[in-house]
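Structure assessment
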Amino acid sequence: MATGDLALGQEQGEISAILRVVNNFSINVATVNGSGSQSANSVLLKSIFGMGVPVSGKNLFPSNIAGLPTWYTIRASKDGYVARKRSSEVLVALNPETAREDVLALPPGGVAIYEENLNLKQYRDDVVCYPVPFDKLTAAICLEAKLRKLVKNMVYVGVVSQLLDIDLNEIEKSVHKQFAKKQKVFDLNFGAVKAGYDYAKSTFTKQAPFHIERMNQTAGKIIVDGNAACGMGAVFAGVTVVAWYPITPSTSLIEATTDLLKKFRVTPEGKATFAVVQAEDELAAIGMVLGAGWAGARSMTSTSGPGISLMSEFAGLGYYAEIPGVIFDVQRSGPATGMPTRTQQADLLSTAFLSHGDTKHIVLLPGSVKECFEFGYAAFDLAERLQTPVFVLSDLDLGMNNWMTDPFVYPDKPQDRGKVLTAEDLERLGSFARYRDVDGDAIGWRTLPGTNHPKAAYFTRGSGHNDAAGYTERPDEYQAVMERLARKFEGARKLVPAPAAVKDGASKIGFLAFGSTDFALRESLDQIRDEYKKNVDYMRIRAYPFAHEIHDFVASHERVYVVEQNRDAQLLSLLKLDLPSDQVVKLRSILHYNGLPIDARSITEEFATKEGL
């Protein structure tokens, strides 16, 4: 939407009214994978952020090493919307393979900035075209041919900053921060920015209506990705054992965790007080996590859908033998290899029931980078309190993209290590039964290896066992353990993060969603209100098992739309299993599963169609 003010512009002696679109548009940068555009895109994003304008960035990249198309979208939103927009108004086209398709995707009145030999003006007469000799400008400032494809990206930063009124001082700050320790690299890159800026200033008359103007909406905020936030949460939680196997899009979560551990978890003499192990596969990784959890360490792994599949058997062991551990799942498109660099929310059902037999896992569902940090911390407390594996489901969009957020708050509660008996406890009690419910919460007491007391020993059994950890195949004893595990899971409803009642009023229509879908849905609710004059309620689910508030929310509405990013309505399916049968008929689905992050307009249009608006 444009701002309401009109500015008069004069071009070639004619006066025309130009509608100014200020701080409310998206920029789409189209390049090829491996061209080094990441630094340039980061500079643009952070420069707009530095001008106080709410901003978000999304990287759409292929799953090969180099050569295939990649797009990076930067959304500036004066209203603070950070979800993906279905289309961008400004295009920077540097990839000949996709240039025609990219310019055809622009809305009428859009802007195309492109390498001049692409001649994109031939395809559109309803967009503003700015042909730029990027190759010539780059060659003039960079003598080393090998560096030119990297420096070329900074030239387009300069062009964009001039045409969209992005403060050149903010660009300079961002470039300096990017290359703070390399003065020569800074000089070369900022020289490229200046070359692009000066060329645009001396060559083009501004015709485009899109402008960035200073605001004061980002003061005190930070930009971070969800994977780094999860890693921070894990380190704050006291993780000491990390076992993993590389897989897109979760690898950077482990890298962030490792970097923090190296910085904060070493003795004054430089000795590490942690272990990070790259296992031979995901099955070995979760085996190490459970072994460390059994021994008393706070342990974790990170993976994506294919790794979750491989972890199935050990996940069942952790559930049945009651061993703590944390598994971060950064979801991507499947099944099989699927699209490794596209996002989805399609691991929910498989993770909730991962393993064979009757198994139910605790699943946390962060909806922001702030919650990635908070749930990354809380998962370890829950794992040890409940003595079970805990899964944290993020996704590629949340995990690998840049998000604006308030700074994270240092946890103010002590770590919850759960029900652990010391030697002194055992001396006082005389004995204990590992899997016996003595407190009525369905959670037994455990001891840790090395506890100096003869009564500390017990068998950790993945086979049939009774409450004293003795082997059994007696039907009544097996059934008693399984019923206790079900009661423990039921009790977790009060321990996991409660749902967020984002908007809960008097409407007959409600929405439910989870995870990164939240950003687009919040924006869609505003569209529904403004365009259809309907106020609807919304509750965001933050964990499984579902809290009782979710039952109450469904019961208080006539229709409830469940919005999620998968084909098979996995959240709706879980809700059907959990809700009373008379409430299930209220549920409707709005689904999005093409691999791109969900956008608000798609939700709004689907809702309007289903409602007959």
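The rules behind each value
Residues numbered from 1 in each chain as written. Predicted model: local features only at pLDDT ≥ 70, side-chain atom pairs only at ≥ 80, totals over all residues. Heavy atoms only, no water. Pairing = 2+ DSSP bridges. Helix = DSSP H or I, 4+ residues; strand = E, 2+ residues; numbered from the N terminus. Axes fitted to C-alpha atoms, helices over the stretch in contact; angles between N-to-C directions. Contact = heavy atoms within 4.5 Å. Core = buried A, V, L, I, M, F, W, Y, C linked by side-chain atoms within 4.5 Å. Buried < 20%, exposed > 50% of the residue type's maximum accessible area, 1.4 Å probe, protein only. Salt bridge = Lys/Arg side-chain N within 4 Å of Asp/Glu carboxyl O.

1. Digging into the sheet that holds strand 21 (residues 537-541)
Taken together, five strands build an open sheet; the order of strands is 19-21-20-23-24 and the sheet is mixed. Whereas interior strands pair on both sides, the edge strands pair on one side only; in this sheet they are strand 19 (500-503) and strand 24 (587-591). Neighbour-to-neighbour, the strand axes of this sheet turn through a mean angle of 25°, independent of strand direction. Alignment of strand 20 (residues 509-514) against strand 23 (residues 559-564), held across five bridges, turns out to be parallel. The partner of Ile509 across the bridge, within strand 23, is Arg559. Taken strand by strand, helix 19 (residues 570-578) contacts strand 20, strand 21, strand 23 and strand 24, and its axis lies near 135° from that of strand 23.

2. Quick look at the nonpolar core
Counting 95 residues, the largest nonpolar core has Met300, Leu364, Phe511, Leu512, Ile541 and Leu575 as the members making the most contacts within it. Of all the elements, helix 13 (residues 369-386) adds the most residues to this core, at ten residues. Beyond its immediate stretch of four places on either side in the chain, Leu364 contacts Phe375, Ala379, Leu382, Val390, Phe391, Val392, Leu393, Val496, Pro497, Arg542 and Ala543. Core analysis: the next-biggest nonpolar cluster, separate from the first, contains 52 residues, Ala76, Val92, Tyr156 and Phe179 among them.

3. Some remarks on the pattern of salt bridges
Applying the stated criterion across every chain yields a total of 44 salt bridges. Ionic pairing is found between Arg75 and Glu523, a salt bridge with its closest N-O pair at 2.8 Å. Remark: Glu523 occurs in helix 17 (residues 517-532) and Arg75 occurs in strand 6 (residues 69-77); sequence separation between them is 448 residues. Take Arg75 and Glu523: they sit in the same class, and that class is buried. Across the pair Glu374 and Lys370 runs a salt bridge whose closest N-O atoms are separated by 2.6 Å. One end of the pair is Glu374 and the other is Lys370, both in helix 13 and four residues apart, which spans about a single turn.

4. Considerations on unusual backbone geometry
With omega at 0°, the peptide bond leading from Gly334 into Pro335 counts as cis. Mapped onto the fold, Pro335 is located in the loop between strand 15 (325-331) and helix 12 (348-352). A cis amide bond links Tyr544 with the next residue in sequence, Pro545, at an omega value of 10°. Positionally, Pro545 belongs in the loop between strand 22 (543-544) and helix 18 (548-555). One non-glycine residue, Asn119, adopts positive backbone phi at about 50°.

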